[in-house]
Amino acid sequence: MIACIRSARVCVSRKAFVPSEPAASSSLIRRFQSVERQVLFNRHSHNKHANAIVSTITLNRPKANAMGRIMLQELSDTLNTLENDDETRCVVVTSSSQKVFSAGADLKERATMTMEEASDFVTCLRNAMNRFSRLPMPTVAAVEGVAVGGGLELALAADLRIAGSNATFGLPETSLAIIPGAGGTQRLSRLIGMARAKELVFTARRIDASTAFDYGLVQHVAKSGEAELKAMELAWEIAKNGPIAIRSAKEAVDRGIEASKMEDALEIERECYQRVIPTHDRLEGLSAFREGRSPAYKGQ
């Protein structure tokens, strides 16, 4: 039986983000790194926003970022860190390759599993996607190349999605006589509508970045190779704002959209608003506005 383990150390490095750095030399544009870890985790600071931290999760398994036991464990370890992280204001999930975000489950590894092991693995994968979607800070998926199966399900679990113009998306599971099992049938239908989601799932068809934008699957389409750069720009735009307010806003939207009645949803919004009233950041925002300067939020 495969256990969904949630306790291990994550190697974290901190990098400074320089907005004027040319894209060609940016640390954000990478090929697969020759390290053993299949999931890389870094924190980035900004030279203009001292208190803002953006963290990146980078899928780093050649050649297709196929999701097997090791990658899933390392992703779970990274989520352990982020779930208790009060510094990170936004998370960007990306790939070391510009050709593939993730091709989904490792089918070669899956073929060696018993039925019970396969079922347990999908359960652990579904749990990881749920944990990623429920992170308290906003999340952005930067998708270059292929994002299919579990790869698309990971992108769907993010709050926002940026696609490179070369990106392709799909849920091919029915062509393998299975169905998407890590949230694909539910998150896709909520995002682009039931009929379009059913068509993509039933046909196992792939769509390009332009179609994904038209469907509302992605919020922006960047030039090929620049999805992560665009995602980081968006992340910094988010991270400069009040961190407690951003987390409260995410909770208000996520919980409210699931409420059965508007009055229940508005009560959720009220609860989340009450959280920001006693904060120092709220007073800092008012002072900065009055004094005509940029606020320095500390998450307090």
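Residues numbered from 1 in each chain as written. Predicted model: local features only at pLDDT ≥ 70, side-chain atom pairs only at ≥ 80, totals over all residues. Heavy atoms only, no water.

**A look at the overall build of the protein**
The secondary structure content of the protein amounts to eleven helices and eleven strands. A burial count over the protein gives 48% of its 300 residues as buried. Taking the contacts inside the protein whose residues are at least 6 apart along the sequence as the reference set, 72% of them involve residues at least 24 apart. Here the protein displays about 15,200 Å² of accessible surface, and carbon together with sulfur accounts for 54% of that area. (Helix = DSSP H or I, 4+ residues; strand = E, 2+ residues; numbered from the N terminus. Buried < 20%, exposed > 50% of the residue type's maximum accessible area, 1.4 Å probe, protein only. Contact = heavy atoms within 4.5 Å. Areas by Shrake-Rupley, 256 points an atom, 1.4 Å probe, with all protein chains shown as cover.)

**Digging into unusual backbone geometry**
Note that the residue after P62, namely K63, is joined by a cis bond; omega there is 0 degrees. Structurally, K63 is set in the loop between β3 (53-59) and α1 (69-83). Even without glycine at this site, N65 takes up a positive phi of about 50 degrees. Positionally, N65 belongs in the loop between β3 and α1. Even without being a glycine, A204 presents a positive backbone phi close to 60 degrees. The topology assignment puts A204 in the loop between α6 (194-203) and β10 (206-208). According to the relative accessible area criterion, A204 is buried, its value standing at 17%.

**Overview of the packing of α1 against helix α3 (residues 115-133)**
Contact geometry for α1 and α3: axes closest at 10 Å, N-to-C directions at 30 degrees. Considering the angle they form, α1 stands roughly parallel to α3. α3 is crossed by α1, and the crossing has left-handed handedness. Where α1 approaches α3, its residues R69, L72, L75, S76, L79, N80 and E83 are matched on the opposing element by E117, F121, C124, L125, A128, R131 and F132. Here the contact of α1 with α3 is built from residues that sort into eight nonpolar, two polar and four charged. (Axes fitted to C-alpha atoms, helices over the stretch in contact; angles between N-to-C directions. Parallel < 35°, antiparallel > 145°, perpendicular 65-115°, else oblique. Left-handed = near helix turned anticlockwise from the far one by under 90°. Nonpolar A, V, L, I, M, F, W, Y, C, P; charged D, E, K, R; others polar.)

**Topic: the sheet that holds strand β7 (residues 146-148)**
Strand order in the open sheet made by the four strands is β5-β7-β9-β10, with mixed pairing throughout. Edge strands, defined here as strands with exactly one partner in the open sheet, are β5 (100-102) and β10. Here the average twist between neighbouring strands, direction ignored, is 20 degrees. When β7 meets strand β9 (residues 168-170), the two strands line up parallel, connected through three bridges. Its bridge partner lying in β9, A147 is registered against F169. (Pairing = 2+ DSSP bridges.)

**Comments concerning the packing of helix α5 (residues 184-192) against α6**
It is the contact of α5 with α6, at a shortest axis distance of 7 Å, that shows an interaxial angle of 135 degrees. With respect to α6, the element α5 is oriented oblique. Handedness of the α5/α6 crossing: right-handed. Two secondary-structure elements touch here, α5 through L188, S189 and I192 and α6 through M194, R196, A197 and L200.

**What to know about the pairing of strand β2 (residues 39-46)**
Along any regular strand the residues' side chains alternate between the sheet's two faces. Within β2, seven of the eight residues are buried, which leaves it mostly tucked inside the rest of the structure. As consecutive antiparallel partners, β2 and β3 are separated by six residues.

**Considerations on the confidence of the model for the protein**
Summary statistics for the protein give a mean pLDDT of 88 and a share of 88% for residues scoring 70 or more. The model gives residues 16-32 a pLDDT under 50, and that stretch makes 35 contacts with residues more than four places away or in other chains. (pLDDT = per-residue confidence, 0-100.)

**Describing the environment of S165**
Mapped onto the elements, S165 comes out in the loop between β8 (160-164) and β9. Put simply, S165 and G145 are 20 residues apart on the chain and 8.4 Å apart in space, counted from C-alpha to C-alpha. At a separation of 3.1 Å, a polar atom in the side chain of S165 contacts the main-chain amide nitrogen of S224. (Polar contact = N/O pair within 3.5 Å; in protein donor to acceptor, adjacent residues only side chain to side chain.)

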